[in-house]
Amino acid sequence: MALVELRQVCKRYTLGETSIDALKNVDLDIEPGEFIAAWGPSGSGKSTLCNLIGLLDEPTSGQIRLEGQDPFGISDMERSRLRNCRIGFVFQGFNLVPVLSALDNVLLPLQIRGRVSQQDKAKALHYLKRLGLDNHIGHRPQKLSGGQQQRVAIARALITEPALVIADEPTANLDSVTAAGIIALMRDLNRQQGTTFLFSTHDQRLIQQVDRLIHLRDGAIEADDRLAPEAGPAVQSCAA
Amino acid sequence: MLTWVKMAARNLARHGRRSGFTMLAIGLGFAAVNVFSGFTDYIFSGLQDTYIYTQGNGHLSLFKRGFLGQGKADPTQYLLTAAEQKGILEVSGGMPDVALVTPQLDITGLLSNGEISTIFVASGRVPSAVRAIRGQGPASLRKVGLFNGKQLEDEVTGGVGLSSGLASLLGLGLGSDAVAMAPTVSGQINALDIEVYQTFESALEAMNDKQMIVPLGFAQSLYDTESIDRVNVLLKDTRRTEAVRAELERRLAARGLAVEIRTWQQLSPLYAKVKDMFDVIFMFLFTIVFIIVVMSVINTIGMAVMERTREIGTLRALGMQRGGIVRLFAIESALLGLAGSLLGLVFTGLTWLVVKIAQPTWIPPQITRRVPLEVHLVPDTVLLSLCFMVVLALAAAIPPANRAARMNIVNSLGHT
């Protein structure tokens, strides 16, 4: 079973009397463990695709299934829970909570879920250490560099052991050296943990690393290229 | 939960100036309500203690049924006979809540210095009983000098007290003699000599040129009667007033005594009027404070929602439910309310301390002498207003917090 299935998905934005079709009849399957990028010019529908797959927005028509389940046939509350449990997000602007430390930011999705145990804290520390942030655990985002902030954001996306991590332009705000490090890090995590990554990007360095490249133009998939088919390890299940 | 509280506190600290002004508004509102409540409590307790203890009226007064209605036209027809007095004294004196029972007869007539005469209104009391009632009052009231001259005595019935205005009107000083005249209960004119034992300032300015205090024996002699118009009852605990009134009414009815019992609140018109007036002023003040607090909190939380739109989008993307977003801002607002109230508590305490040290005095309306101005600290009001401010701040945050919770996630994430 595909992790994500899109069938004839359309997304139309209406602004006054003007309507824009951001996505047009998109069919797409994403398999567990894939390292996949959606790319294309501005306005091609990359971010819209990520938002729909990330359950941040609803399609105008068509069907999306996540692990076989229709995420738009359930309540907002249940969809929030599903997002919290099964999807991790890495944003272009890092989107860390400025008043929380690196550790608290990483623990945030678990905090949203409920109580945070000592085991959870140990796991967060493990991720921070693995991402080279063991000396910045108590630092707030303003004390961290862009690369460090993005690594905290990656740790935050992984702490719930999600089935899918969606990263929208994750390297856009980083210098080339830091960006290369972040790309390598995500690739390692994909290979070692089997976490599925979906990127929206323009970054050629990132595009060169992915297994599969979806080329979008004017809201439609123009090409779907499997660049380096590799079988990753089995996807870890997420504790609900 | 601790993370959300920590996050709320840090967000407030992050916008220190804005949060500070809101806390200041809440604090000043809190202090305004509590200082005013403290002042009204001082006024109410002052009026209560003055009526019950200083004026020696006790907590309850018992009248013959009809005295307070038809009896106003001809009080002498509604006096309590000696037999009725005995029954009342036996019943009320036997109740454990009762500290003291004393009779009273109010009289009116003319007072003459031999050349000119003027109307007087006198209260005929048992001087030793009145002293005993005053002795039960608060220490601060016992220290206040109520008259110039010497104390009235139970046995010396001609030794009376005159209000300063009445003494001045008739040119009478301490030790002066005069004649009091009044019709007896049977309608004949009676006259008795008096000696001015004391002069005092009437509690009511309008009565200062006609008020007298006389021993009960003098009042009964002038009216040529053994009857009285009321029995005053002092209780051990003011809070038991209503309960004792009901029980006393039941016991007296069982004894076949047709009496009406009035509490001190019912008989002190000044207390009721002043209370009503302060209640209205308090409502105005409270409404103003309410509006200021609500507007301040809505403004602060509204600004926070606007500035943190992207953060709200992030939290929603990470799985926080709409209720969680509302809770986040509600906690922030409740903390604002709590911190503002604590600041207000400090302001209230400082005001109390300044008044305590400065000991200002003032002349309240209808009072003829300067009295100390006080502001009481009323724990119940402090606690209630603290809870109220927190709840109010929390409630005021709900509309902007709800707006935040209902934001479109994608739009929020794109907000800069």
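Keep in mind that this is a model prediction, so the values were computed, not measured.

Colleague: Can you help me understand the overall build of chain B in this one?
Modeller: Counting its secondary structure elements, chain B contains 14 helices and 12 strands. For chain B, whose C-alpha radius of gyration is 31 Å, the value lies well above the compact-globule estimate of 22 Å for 416 residues. Judged by the C-alpha coordinates and their principal axes, chain B covers about 100 × 50 × 35 Å. A total accessible area of about 19500 Å² is found for chain B, and carbon and sulfur atoms account for 61% of it. One way to put it: in chain B the 37 positive side-chain charges average out to a point 18 Å from where the 32 negative ones average out.

Colleague: Looking at this model, I keep getting lost on the overall build of chain A. Mind explaining?
Modeller: When its secondary structure is counted, chain A shows 7 helices and 9 strands. A compact globule built from 240 residues would reach a C-alpha radius of gyration of about 18 Å, and chain A, at 17 Å, matches this within 12%. Overall, the C-alpha framework of chain A stretches about 50 × 40 × 40 Å when taken along its three principal axes. The buried share among the 240 residues of chain A stands at 54%. Put simply, of all contacts in chain A between residues at least 6 apart along the chain, 71% involve residues at least 24 apart. For chain A, the accessible area works out to roughly 10100 Å², and carbon and sulfur atoms hold 47% of it. In chain A, the 26 positive side-chain charges and the 28 negative ones have mean positions that sit 7 Å from each other.

Colleague: Hey, could you run me through the sheet that holds strand β1 (residues 4-15) of chain A in this one?
Modeller: Note on sheets: strands pair through backbone hydrogen bonds, and any given pair is parallel or antiparallel. All names here are of chain A. An order of β2-β1-β4 is seen for the 3 strands of this open sheet, with the pairing classed as antiparallel. Where the open sheet ends on each side, the last strands, each with one partner, are β2 (18-30) and β4 (61-66). Each neighbouring strand pair of the sheet contributes to a mean axis angle of 30°, computed without reference to strand direction. Bridge analysis of β1 against β4 gives 5 bridges, and the strand direction is antiparallel. If you follow Leu6 over to β4, its bridge partner there is Ile64. On the sheet, helix α1 (residues 46-53) packs against β1, β2 and β4 and is oriented at approximately 60° with respect to β2.

Colleague: Got a minute to help me understand the sheet that holds strand β6 (residues 164-168) of chain A in this structure?
Modeller: Residue and element names in this part refer to chain A. With mixed pairing, 6 strands are arranged side by side in an open sheet as β5-β6-β7-β3-β8-β9. Each edge of the open sheet is held by one strand with a lone partner, namely β5 (87-90) and β9 (220-226). Within the sheet, the average angular offset between the axes of one strand and its neighbour, ignoring direction, is 20°. Where strand β8 (residues 212-217) and β9 come together, 6 bridges link them in antiparallel fashion. Residue pairing in the sheet places Leu216 in a bridge with Ile221 of β9. Sheet strands touched by α1: β3 (35-39), β5, β6, β7 (196-201) and β8. Its angle to β7, the strand with the most contacts, is close to 150°.

Colleague: Teacher, can you tell me more about the interface of chain B and chain A here?
Modeller: Between chain B and chain A, the residue contacts involve 23 residues of the former and 25 residues of the latter. Here chain B meets chain A over a buried area of about 2200 Å², counting both sides, of which 60% is carbon and sulfur. Among the residues chain B hides against chain A, the three largest losses belong to B:Arg10, B:Leu318 and B:Gln321. Together they make up 27% of the total. At the boundary of chain B and chain A, one finds 3 salt bridges. The closest approach of N and O atoms between B:Lys6 and A:Asp104, which form a salt bridge, is 2.9 Å. If you list the elements that add at least two residues to the side of chain B that touches chain A, you get α1 (2-14), α11 (309-317) and α14 (409-413) of chain B. Sort the elements by how many residues they give to the side of chain B that touches chain A and α1(B) lands first, with 7 residues.

Colleague: For this particular structure, what's the right way to read the pattern of salt bridges?
Modeller: Side chains that carry opposite charge are capable of pairing whenever their charged atoms lie near each other. Residues and elements named next belong to chain A. Evaluation of the coordinates by the stated rule reveals 33 salt bridges over all chains. The salt bridge partner of Asp211 is Arg187, with a shortest N-O separation of 2.5 Å. Of this pair, Asp211 sits in the loop between α7 (204-209) and β8 while Arg187 sits in helix α6 (residues 176-193), placing them 24 residues apart in sequence. On the accessibility criterion, Asp211 (8% relative accessible area) is buried. Judged by relative accessible area, Arg187 falls into the buried class, the value being 3%. Here the salt bridges share partners, and the residues they tie into one network are Glu34, Arg212, Asp224 and Arg226.

Colleague: Looking at this structure, how should I read the packing of helix α10 (residues 269-307) of chain B against helix α13 (residues 379-405) of chain B?
Modeller: Helix packing geometry: the angle between the two helix axes and the distance between the axes. Residues and elements named next belong to chain B. Two elements in contact, α10 and α13, have axes whose closest approach is 8 Å; the angle formed by their N-to-C orientations is 40°. By the criterion of interaxial angle, the relationship of α10 to α13 is oblique. Crossing angle aside, the handedness with which α10 passes α13 is right-handed. Residues Phe286, Val289, Phe290, Val293, Val294, Val297, Ile298, Ile301, Gly302 and Val305 of α10 pack against Phe388, Met389, Leu392, Ala393, Ala396, Ala397, Pro400, Arg403 and Ala404 of α13. Classifying every residue of the contact of α10 with α13 gives 17 nonpolar, 1 polar and 1 charged.

Colleague: Looking at this model, I keep getting lost on the environment of A:His136. Mind explaining?
Modeller: Residues and elements named next belong to chain A. Secondary-structure assignment places His136 in the loop between α4 (118-130) and α5 (146-158). Considered as a pair, His136 and Glu78 are 58 residues apart in the sequence and their alpha carbons are 34 Å apart. Those residues in contact with His136 that lie beyond four places of it in its chain are Ala102, Leu144 and Gln148.

Colleague: What is the right way to look at a nonpolar patch on the surface in this model?
Modeller: Residues and elements named next belong to chain B. Together, Phe290, Ile291, Met295 and Phe388 make up a nonpolar patch on the protein surface, roughly 370 Å² of accessible area in all. Considering each element in turn, the nonpolar patch owes the most residues, 3 residues, to α10. Note that Ile291 resides in helix α10. Residue class for Ile291 comes out partly exposed when judged on its relative accessible area of 46%.

Colleague: I tried to follow the domain arrangement of chain B on my own but got confused; where do I start?
Modeller: How big an interface is tends to be reported as the loss of accessible area on association of its parts. Annotation of chain B at the domain level lists domain 1 (2-50 + 271-413) and domain 2 (66-257). One C-alpha centre belongs to domain 1 of chain B, the other to domain 2 of chain B; they are set 49 Å apart.

Colleague: Just to check I follow, could you spell out the pairing of strand β7 (residues 189-200) of chain B for this structure?
Modeller: All names here are of chain B. Examined bridge by bridge, strand β4 (residues 147-149) and β7 share 3 bridges and lie antiparallel to one another. Residue pairing in the sheet places Asn148 in a bridge with Thr199 of β7. In this sheet, β7 lies alongside strand β5 (residues 159-163) in parallel orientation, the contact comprising 5 bridges. Bridged to Gly161 within β7 is Gln198. Direction of pairing for strand β6 (residues 177-183) relative to β7: antiparallel, over a ladder of 7 bridges.

Colleague: Can you help me understand the nonpolar core in this one?
Modeller: When a protein is soluble and globular, its nonpolar side chains tend to lie buried together. Among the nonpolar cores identified, the biggest contains 41 residues, and B:Ile107, B:Leu111, B:Phe120, B:Leu162, B:Ile194, B:Met212 and B:Leu252 are the most heavily contacted of them. B:Val33, B:Val297, B:Leu386 and B:Ala397 belong to the second largest nonpolar core, which has 39 residues in total.

Colleague: Is there a simple way to explain helix α12 (residues 322-358) of chain B in this structure?
Modeller: The periodicity of an α-helix, 3.6 residues per turn, causes residues three or four places apart in sequence to face the same way. Here α12(B) spans 53 Å end to end across 37 residues, near enough to the 54 Å set by a 1.5 Å rise per residue. Remark: B:Gln359 follows α12(B) within two positions and exhibits a positive phi of approximately 45°.

Reading the values: the criteria
- Residues numbered from 1 in each chain as written.
- Chains lettered and ligands numbered in written order.
- Predicted model: local features only at pLDDT ≥ 70, side-chain atom pairs only at ≥ 80, totals over all residues.
- Heavy atoms only, no water.
- Helix = DSSP H or I, 4+ residues; strand = E, 2+ residues; numbered from the N terminus.
- Rg over C-alpha atoms; globule rule 2.2 N^0.38 Å.
- Areas by Shrake-Rupley, 256 points an atom, 1.4 Å probe, with all protein chains shown as cover.
- Lys, Arg positive; Asp, Glu negative; His and termini not counted.
- Charge placed at Lys NZ, Arg CZ, Asp CG, Glu CD.
- Buried < 20%, exposed > 50% of the residue type's maximum accessible area, 1.4 Å probe, protein only.
- Contact = heavy atoms within 4.5 Å.
- Pairing = 2+ DSSP bridges.
- Axes fitted to C-alpha atoms, helices over the stretch in contact; angles between N-to-C directions.
- Buried area = accessible area lost by both parts, 1.4 Å probe.
- Salt bridge = Lys/Arg side-chain N within 4 Å of Asp/Glu carboxyl O.
- Parallel < 35°, antiparallel > 145°, perpendicular 65-115°, else oblique.
- Left-handed = near helix turned anticlockwise from the far one by under 90°.
- Nonpolar A, V, L, I, M, F, W, Y, C, P; charged D, E, K, R; others polar.
- Patch = residues over 30% accessible without salt bridge, like charges linked within 9 Å, V, L, I, M, F, W, Y side chains within 5 Å.
- Domains from an automatic or database assignment.
- Core = buried A, V, L, I, M, F, W, Y, C linked by side-chain atoms within 4.5 Å.
- Expected span 1.5 Å × (residues − 1).

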